[in-house]
Amino acid sequence: MAKRMISTARTLAGTATLAVAGVVALFLPAVLPVTGLNAATRSFSTDAFESYRTRNFDVKNEDPEMAERVGAALEDALSRPVFDGLLPSVDNLGRVITVMLYPTTERFAASTDLEQSGGGSMAKVSGNKAKATKIVLDASQPGLIESIVPHELAHARFYESDLYHNNVPSWVSEGIAVAAESEDSRNARAALMKRALDSEELAGALELMATENPPNENRSLFYAEAYAAAAGLVNAYGSEKFAEFIAAVRYKSQTDALVDIYGIQPVDLEDLMLEWLEAHVPKDEGGTRADGEPIFIKEGSGIAKAGGNPDQ
Ligand SMILES: [Zn+2]
């Protein structure tokens, strides 16, 4: 069953020169400008929001009980390393990140312009350094605690790490963010990917690599495949090699970086994705899991260029 995706990639690999040129051109603007924050303060008042403070976060909210849960989830997620320490465990950031917890999807959307989102993570960038400025969350999303909080926080942690630069491919950013989610959440993504594989809807590695931002269509599948690719590489070669790969794509194409760092081609990355999937797809897929839609993030993460975010 894995063969169809691989054969597609092998066909694409035959036109490598053209495809790689496309990849380079496409993933340069790998970060989304967030333009909605100015509208945020005007669209409705957050004057009534209270602060719920933890060591590292200030959760602005209208629902103290939910804010306490979110604050605990943020601190818990921060204390957990991601991908064997690619993002290290952090006890004390040394400063406080603001988290806006909007009570409804309507108010979240009106305030952030992240219309398809359950959450977002913003940072200011100067050069290749980024500083997380804010996390925005829709408190009404069912996957808030187990998926969205650790996912958005992982983006913020990644922005602030030495790994970050402005050529990081979207699948790498999202793969790391998904890795921070709960095991149930990641299993649900594996199940979705398995269904897509069975129905021949899976995107090949070259397509994944060329996707510059999480697409509106099949967004959940993009996250699943992004995670499969990142986890496949980390499982096979370790997190230090993955850090080397991330550094390499700052200056070279993803295909060149795969060859230089791992000695593999995109088609081999696809094999790793499928091997990872075979090892991790829930055994009861199609059975007990069929009742519920998996909880997925429909998010937009964003970078505001330094000085470009009047909210700060
Ligand atoms: Zn994300």
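Residues numbered from 1 in each chain as written. Predicted model: local features only at pLDDT ≥ 70, side-chain atom pairs only at ≥ 80, totals over all residues.

Peer 1: Teacher, can you tell me more about the overall build of the protein here?
Peer 2: Counting its secondary structure elements, the protein contains 13 helices and six strands. Burial statistics for the protein: of 312 residues in total, 46% are counted as buried. Restricting the contact set of the protein to residue pairs at least 6 apart, pairs at least 24 apart contribute 76%. (Helix = DSSP H or I, 4+ residues; strand = E, 2+ residues; numbered from the N terminus. Buried ≥ 20, exposed ≤ 12 C-beta atoms within 10 Å, placed from the backbone. Contact = placed C-beta atoms within 7 Å.)

Peer 1: Just to check I follow, could you spell out the pairing of strand S4 (residues 119-126) for this structure?
Peer 2: Across a regular strand the side chains alternate sides, sitting on one face of the sheet and then on the other. As defined by bridge partners, S4 adjoins strand S5 (residues 129-138) across eight bridges and the pair is classed as antiparallel. Bridge assignment links glycine 119 to a residue of S5, and that residue is leucine 137. Taking the residues that link successive antiparallel strands as the turn, the S4-S5 hairpin has two residues, and the phi of glycine 127 there is positive, at about 60 degrees. (Pairing = 2+ DSSP bridges.)

Peer 1: Before we go on, may I ask you to explain the confidence of the model for the protein in this structure?
Peer 2: Detailed conclusions should not be drawn from predicted coordinates in areas where pLDDT is low. Chain-level statistics for the protein give a pLDDT mean of 80 and a share of 76% at 70 or above. Between residues 1-42, whose pLDDT stays under 50, and residues either more than four places distant or in other chains, the model counts 74 contacts. Predicted confidence for residues 301-312 stays below pLDDT 50, and this span has 35 contacts to residues more than four positions away or in other chains. (pLDDT = per-residue confidence, 0-100.)

Peer 1: What is the right way to look at unusual backbone geometry in this model?
Peer 2: It is generally the case that most residues other than glycine have a negative phi and that most peptide bonds are trans. Within the chain, phenylalanine 83 stands out as a residue other than glycine whose phi angle is a positive 50 degrees. Along the polypeptide, phenylalanine 83 turns up in the loop between helix H4 (64-78) and strand S3 (97-102). On the basis of neighbour counts, which here come to 20 C-beta atoms within 10 Å, the residue phenylalanine 83 falls in the buried class.

Peer 1: Would you take a moment to explain helix H13 (residues 266-280) for this structure?
Peer 2: Note: α-helices contain 3.6 residues per turn, so residues at a spacing of three or four share the same orientation. An ideal rise of 1.5 Å per residue puts 21 Å on 15 residues; H13 measures up with 21 Å between its terminal C-alpha atoms. Along H13, the positions that sit buried rather than exposed are Pro266, Val267, Leu269, Glu270, Leu272, Met273, Leu274, Trp276, Leu277 and His280. (Expected span 1.5 Å × (residues − 1).)

Peer 1: Quick question: what am I supposed to make of the packing of helix H10 (residues 219-237) against H13 here?
Peer 2: Describing two packed helices takes the angle between their axes plus the distance from one axis to the other. Direction vectors running N to C along H10 and H13 enclose 95 degrees, while the axes themselves pass 8 Å from each other. Looking at the two axes, H10 sits roughly perpendicular to H13. On H13, the residues that touch Glu225, Ala228, Ala229, Ala231, Gly232, Leu233, Asn235 and Ala236 of H10 are Leu269, Leu272, Met273, Glu275, Trp276 and Leu277. When grouped by side-chain class, the residues that make up the contact of H10 with H13 number ten nonpolar, two polar and two charged. (Axes fitted to C-alpha atoms, helices over the stretch in contact; angles between N-to-C directions. Parallel < 35°, antiparallel > 145°, perpendicular 65-115°, else oblique. Nonpolar A, V, L, I, M, F, W, Y, C, P; charged D, E, K, R; others polar.)

Peer 1: Help me understand the environment of serine 182, please; the structure alone is not making it clear to me.
Peer 2: Relative to the helices and strands, serine 182 resides in the loop between helix H7 (170-179) and helix H8 (183-198). Owing to 18 C-beta atoms within 10 Å, serine 182 belongs among the partly exposed residues under this scheme. Separated by 34 residues in the primary sequence, serine 182 and isoleucine 148 place their C-alpha atoms 9.7 Å from one another. Discounting chain neighbours no more than four positions away, the residues touching serine 182 are Glu146 and Ser147.

Peer 1: Looking at this model, I keep getting lost on the nonpolar core. Mind explaining?
Peer 2: The tendency in soluble globular proteins is for nonpolar side chains to be buried as a group. In this structure, Val99, Leu137, Ile176, Ala229 and Ala230 are the most contacted members of the largest nonpolar core, which totals 82 residues. Per-element accounting of this core gives the leading share, twelve residues, to H10. Shared between two domains, this core holds at least three residues of each, these being domain 1 (3-29 + 181-291) and domain 2 (37-167 + 298-305). The contact partners of alanine 229, leaving out residues within four places of it in the chain, are Trp171, Gly175, Ala205, Leu208, Leu269 and Met273. (Core = buried A, V, L, I, M, F, W, Y, C linked by C-beta atoms within 7 Å. Domains from an automatic or database assignment.)

Peer 1: When you look at the pairing of S5 in this model, what are you seeing that I'm missing?
Peer 2: Of all the ten residues making up S5, eight are buried; the element is thus mostly covered by neighbouring parts of the structure. Bridge count for S3 against S5 is five bridges, and the pairing is parallel. In the sheet register, threonine 98 faces S5, and the bridge partner there is lysine 134.

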